Amino acid sequence: MAFGLNSDDAAAFKLLLCLAVMYGLMSMLAHSIVHMKFVKPLAIDAPLDRFSEARAVEHVRILSQEIEGRQEGRPGLREAARYINGQLEMMKERASDEFRIEIEETVVDGSFSMMFLGHSISLGYRNHTNILMRISSVDSRDTDPSVLINGHFDSPLGSPGAGDCGTCVASMLEVARLIVDSGWVPPRPVIFLFNGAEELFLLGSHGFMEKHRWHDTIGAFVNVEASGTGGLDLVCQSGPGSWPSRVYAQSAVYPMAHSAAQDVFPVIPGDTDYRIFSQDYGNIPGLDIIFLFGGYFYHTSYDTVERLLPGSIQARGENLFSIIKGFTNSSMLQNFYKQASPEITIHQDKDDGAIFFDYLSWFMVFYSSGLALVLHKIPIAVFLILPFLLNLRNFSITSCLATFSDLTKGFLSHALGVFLAIVSPVMFSILRLLFTNYSMNWFSHPYLAYLMFVPCSLVGLLIPRTFWSCFSLSQDISVFQASREVLSDEARFWGAFGFFSSLTMAYLLAGLSGGFLTFFACISMLAAWLSFSLAAKHYGRRSLRSILFFVLPMVPYLAYSVYFGGFLAQFLIEKTGMMGSIPPPYGYFIPDIVVAVTIGVVTSVCIGPLIPVCGHWLARSSILQFLLQIIVIGLAVSSQFFPYSIAAPKRVVLQQTYLTSGPNHLENSSYELSVVDSNSLIFLLKHAPDVANELQTDLDLSFETANLSRQENWLFTQHPNGGQMH
């Protein structure tokens, strides 16, 4: 016995330490994957038959540094168009005779209506520039089905646009050069569309689809975008049909895709050119591939070359080149106008619900919705027939009902644990905010979110296990010829298995694509239970060796869940800085609650499957007291951290308002500040007094003392994005 602990407590702490080390190593692996540490960027002198990140970054540098302002209406956008045109012309000059290369600069105009964030918007536009390059073989025809690669070269107000979307243009230029210099002649034409008006509600892509003669030859497309400066280049949308995602799964060098992203993307307040090509003005199969990390700098003046994550462009370029090969060699590629024709039914792909995901960016798992319809029903079927399987020796309706009753108790116990795992960090976040002057202290230090919320969530998971002995078993121990310990273990495990199988079935019935994660958990739990049962015969059910045999088969699933959950949490933390300000008092709590809920869900997914077996050790009072001490330390430590830094700035909108009386008379003009996260304007002025002095604003500004202008007096408002405080 050490430090006043008995032997069982010491064993429990050993298990906790081993699990902490295991999850720590998995977290390091996940961090290296999502931040592209495993991809080696090629230098500027790399062989010409290889994609080079350094060559692409040179394009980004010129577009974002040497050219000032690529916003519509500014000279920089015209200069960027000339630069892109010049690069394409140089490729054309050195291309061999096997290529047919056509370059066009078009000016588009038009009008259309669209739904955005639940509102109908009518748009009219003119004189927007698109640049196109069509690479094909010399014997190709103008009507041959082609593959479109789209990216925009304009940038938002106030931003150099290195990530969004200089990286897109640079990747496309380097891939186009690679096609020419490698000597690979595409069997079907490849069209590169550099569109010049995406930030203004997708005008460039609409102009192409409505006006250009090549639009009806498009048989597939890839839209490259950026919601940050690198990291995972995730397939966020795919369709119509499963064909595009199948090509991606077969072709990608560094696969990064989750079909679950398609469940989430429609609720995100944003859009890409994908909707123009595949939904609003075409039914073209395609992929929407987006840089997701580095969201701190998205649409700000910090979106510079220095903020790009090394390896990201290299992975994107190699993926893009391989995907182009996959699409152009596919027998599914057809002209857009033929796809739209009711007479053409051959090769039509109606499978919209395919399941696909990358495993740690090493390989892709892909299966059709038809197969998912069968596979994802297996876990719930196993759970429902378990009462009969467990009573084969002494079969009776009474014994089956007793077994089902105990499994239901296990199900409800685990469901309660998951509920508490989510609620506990929420309560902790609210408690912390009541004693501090600002929220989002984890914003620039994401590890604080894990320090604060994971121990809370783990305590929530373990609480039902501490009260399990209060529930009497419905099964008769003498009939089953098994100890209470064995029957209790079975009830807890199969109850948890039933919980995950029910979630898998719920995803399936809802028509969503994210059920692969809980299905993976179910399959892993079955393998782990079989291994544990065999080990328990030799070492005993309460031996740490038996626990080891339970955990080992779960490692592939646990590693993936840490990777998936860590990516989700990091992405959400970055986006809380631009999710919008909700009026006080409730708005002050919203970001912390959202992150707490996310961490609670992630903890339930990553650790929950271990609780039925490991809970015997982890639910001890000594472990719970230790976790509570960590929670208190997390509260004390986290409160000392400021939410923002240079690497994670606060977004501030500088708003210029013009007051008029009538349509032609300007009465006054003023500048105002507004914030886009939960920390208020008062918080801003307190920690950045120079701003208040410059604007001649009282540091004690409040909503009660502010002089608010009436909306009907506004003429127009300019929002030059990019104001930050750190």
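Residues numbered from 1 in each chain as written. Predicted model: local features only at pLDDT ≥ 70, side-chain atom pairs only at ≥ 80, totals over all residues. Heavy atoms only, no water.

Student: It is not clear to me how the overall build of the protein should be interpreted in this structure. Could you clarify?
Tutor: Counting its regular elements, the protein contains 24 helices and 13 strands. C-alpha atoms of the protein, sized along the principal axes, occupy 85 × 70 × 50 Å. Here the protein holds 726 residues, and 56% of them are scored as buried. The long-range fraction of contacts in the protein, counting pairs at least 24 apart against all pairs at least 6 apart in sequence, stands at 79%. Charge-centre separation for the protein: the mean point of 44 positive side chains lies 9 Å from the mean point of 60 negative side chains. (Helix = DSSP H or I, 4+ residues; strand = E, 2+ residues; numbered from the N terminus. Buried < 20%, exposed > 50% of the residue type's maximum accessible area, 1.4 Å probe, protein only. Contact = heavy atoms within 4.5 Å. Lys, Arg positive; Asp, Glu negative; His and termini not counted. Charge placed at Lys NZ, Arg CZ, Asp CG, Glu CD.)

Student: It is not clear to me how the side chain of Thr436 should be interpreted in this structure. Could you clarify?
Tutor: Relative to the elements of secondary structure, Thr436 occurs in the loop between helix H13 (397-434) and helix H14 (447-466). Within the structure, Thr436 has its side chain in polar contact with the backbone oxygen of Tyr438 (distance 3.3 Å). (Polar contact = N/O pair within 3.5 Å; in protein donor to acceptor, adjacent residues only side chain to side chain.)

Student: Sorry, what's going on with unusual backbone geometry here?
Tutor: Backbone torsion omega between Asp164 and Cys165 reads 0°, so that peptide bond is classified as cis. In this fold, Cys165 is placed in helix H4 (residues 162-182). Along the chain, Gly239 connects to Pro240 via a cis peptide bond; the corresponding omega equals -5°. In this structure, Pro240 sits in the loop between strand E6 (230-239) and helix H6 (243-251). Here Ser361, not a glycine, exhibits a phi torsion of approximately 65°, which is positive. Relative to the assigned elements, Ser361 resides in the loop between strand E8 (355-359) and strand E9 (363-367). If you check the backbone angles, Met440 has positive phi at about 60° while not being a glycine. Summarising the element assignment, Met440 is placed in the loop between H13 and H14. Among the residues examined, Met440 registers a relative accessible area of 0% and is labelled buried.

Student: I would appreciate a short explanation of the packing of aromatic side chains in the present structure.
Tutor: Each aromatic ring pair is specified by the distance between its two centres and by the angle formed by the two planes. Going through the model one piece at a time under the given rule, you end up with 45 aromatic pairs. Centroid distance Phe493 to Phe550: 6.2 Å. Interplanar angle 85°. Geometry classified as edge-to-face. With Phe493 in helix H16 (residues 484-510) and Phe550 in helix H18 (residues 544-551), the pair connects residues that are 57 residues apart, well separated along the chain. With respect to burial, Phe493 and Phe550 carry one shared label: buried. Connected via pairs of aromatic rings, a cluster forms that spans Phe357, Tyr359, Trp362, Phe363, Phe516, Phe520, Tyr557, Tyr560, Tyr563 and Phe564. Positioned above the aromatic ring of Phe291, the side-chain terminus of Arg316 is 3.8 Å from the ring centre. Positioned above the aromatic ring of Trp184, the side-chain terminus of Lys325 is 5.7 Å from the ring centre. (Phe/Tyr/Trp six-rings, centres within 6.5 Å; stacked < 30°, edge-to-face > 60°. Lys NZ or Arg CZ within 6 Å of the ring centre and 35° of its normal.)

Student: What is the right way to read the confidence of the model for the protein from this model?
Tutor: On average, the protein scores 88 in pLDDT, and the residues at 70 or more come to 91%. Predicted confidence is poor over residues 341-348, with pLDDT under 50, and the contacts of this stretch with residues over four places away or in other chains come to eight contacts. Ignoring residues within four places in sequence, the model shows residues 701-726, a span with pLDDT below 50, making 59 contacts including any to other chains. (pLDDT = per-residue confidence, 0-100.)

Student: Just checking my understanding: could you explain a nonpolar patch on the surface for this structure?
Tutor: A cluster of nonpolar residues, Leu384, Ile385, Phe388, Leu389, Leu392, Phe395, Ile397, Leu401 and Phe404, forms a patch on the protein surface that exposes about 910 Å² of accessible area. Secondary-structure elements contributing two or more residues to the nonpolar patch are helix H12 (378-389) and H13. No other element matches the four residues that H12 contributes to the nonpolar patch. In this fold, Ile397 is placed in helix H13. (Patch = residues over 30% accessible without salt bridge, like charges linked within 9 Å, V, L, I, M, F, W, Y side chains within 5 Å. Areas by Shrake-Rupley, 256 points an atom, 1.4 Å probe, with all protein chains shown as cover. Salt bridge = Lys/Arg side-chain N within 4 Å of Asp/Glu carboxyl O.)

Student: I would appreciate a short explanation of the state of the cysteines in the present structure.
Tutor: Put plainly, a disulfide is one covalent bond tying together the sulfur atoms of two cysteines. Within this structure, the stated rule accounts for one disulfide. Left without a disulfide partner, Cys18 is nearest to the cysteine sulfur of Cys614, which lies 11 Å away. A relative accessible area of 52% places Cys18 in the exposed class. (Disulfide = S-S within 2.5 Å.)

Student: For this particular structure, what's the right way to read the packing of H12 against H16?
Tutor: When two helices pack together, their arrangement is captured by the angle between the axes and the distance separating the axes. Interaxial distance between H12 and H16 falls to 8 Å at its minimum, and their mutual angle equals 140°. For the element pair H12 / H16, the angle class is oblique. The two elements H12 and H16 meet at a crossing, and its hand is left-handed. Contacts from Pro379, Ile380, Val382, Phe383 and Leu386 of H12 reach H16 at Trp494, Gly495, Phe497, Gly498, Ser501, Ser502 and Met505. A per-class count over the contact of H12 with H16 returns eight nonpolar, four polar and no charged. (Axes fitted to C-alpha atoms, helices over the stretch in contact; angles between N-to-C directions. Parallel < 35°, antiparallel > 145°, perpendicular 65-115°, else oblique. Left-handed = near helix turned anticlockwise from the far one by under 90°. Nonpolar A, V, L, I, M, F, W, Y, C, P; charged D, E, K, R; others polar.)

Student: Explain the pairing of strand E10 (residues 650-660) here, please?
Tutor: Two faces belong to every sheet, and in a regular strand the side chains alternate between them. Summarising burial for E10: nine of the eleven residues are buried, a large majority. Relative to strand E11 (residues 666-675), E10 runs antiparallel, the two being bridged by nine bridges. Across the sheet, Tyr658 pairs through a bridge with Ser669, a residue of E11. Counting the residues between successive antiparallel strands, the hairpin from E10 to E11 contains five residues, one of them, Gly662, with a positive phi of roughly 90°. (Pairing = 2+ DSSP bridges.)

Student: Looking at this structure, I do not really get the nonpolar core. What am I missing?
Tutor: Across soluble globular proteins, nonpolar side chains show a tendency to be buried alongside one another. Counting 173 residues, the largest nonpolar core has Tyr23, Phe192, Phe194 and Tyr248 as the members making the most contacts within it. Looking at this core, the element that brings in the most residues is H4, giving twelve residues. Counting only domains with at least three residues in this core, you end up with domain 1 (53-340) and domain 2 (375-639). Excluding residues that lie within four positions of it along the chain, Tyr23 makes contacts with Leu558, Val562, Cys606, Ile607 and Leu610. Of all hydrophobic cores here, the second largest spans 23 residues; its members include Leu202, Leu203, Ile218 and Ile276. (Core = buried A, V, L, I, M, F, W, Y, C linked by side-chain atoms within 4.5 Å. Domains from an automatic or database assignment.)

Student: What is the right way to read the domain arrangement of the protein from this model?
Tutor: Reports of interface size often rely on the accessible area that becomes lost once the parts have come together. Under the domain assignment used here, the protein contains domain 1 (53-340), domain 2 (375-639) and domain 3 (652-700). Each of domain 1 and domain 3 has a C-alpha centre, and these two points are 37 Å apart.

Student: What is the right way to look at the packing of H12 against H13 in this model?
Tutor: Their axes nearest at 8 Å, the elements H12 and H13 cross at an angle of 135°. It follows from the interaxial angle that H12 and H13 lie oblique. Here H12 and H13 pass one another in a crossing that is right-handed. Where H12 abuts H13, its residues Phe383, Leu386, Pro387 and Phe388 lie against Cys400, Thr403, Phe404 and Leu407. A breakdown of the residues in the contact of H12 with H13 according to their chemical character gives seven nonpolar, one polar and no charged.

Student: What's the story with helix H20 (residues 590-607) in this structure? I'm lost.
Tutor: What sets the pattern is the α-helix's 3.6 residues per turn: residues three or four places apart point alike. Look at H20: 25 Å from first C-alpha to last across 18 residues, which is about the 26 Å you get at 1.5 Å a residue. Burial runs high along H20: 13 of the 18 residues are buried. (Expected span 1.5 Å × (residues − 1).)

Student: Where do I start with the sheet that holds strand E5 (residues 218-226) in this structure?
Tutor: Hydrogen bonding along the main chain pairs the strands of a sheet, whether they run parallel or antiparallel. Ordered in space as E1-E2-E4-E3-E5-E7-E6, the seven strands form an open sheet in which the pairing is mixed. Where the open sheet ends on each side, the last strands, each with one partner, are strand E1 (99-116) and E6. Neighbouring strand axes in the sheet, compared pairwise and without regard to direction, differ in orientation by 20° on average. In terms of strand pairing, E1 meets strand E2 (residues 119-137) through 17 bridges, oriented antiparallel. Pairing of Gly110 across the sheet is with Tyr125, part of E2. The strands touched by helix H5 (residues 203-211) are E1, E2, strand E3 (146-152), strand E4 (190-195) and E5; relative to E2, the strand with the most contacts, the crossing angle is about 70°.

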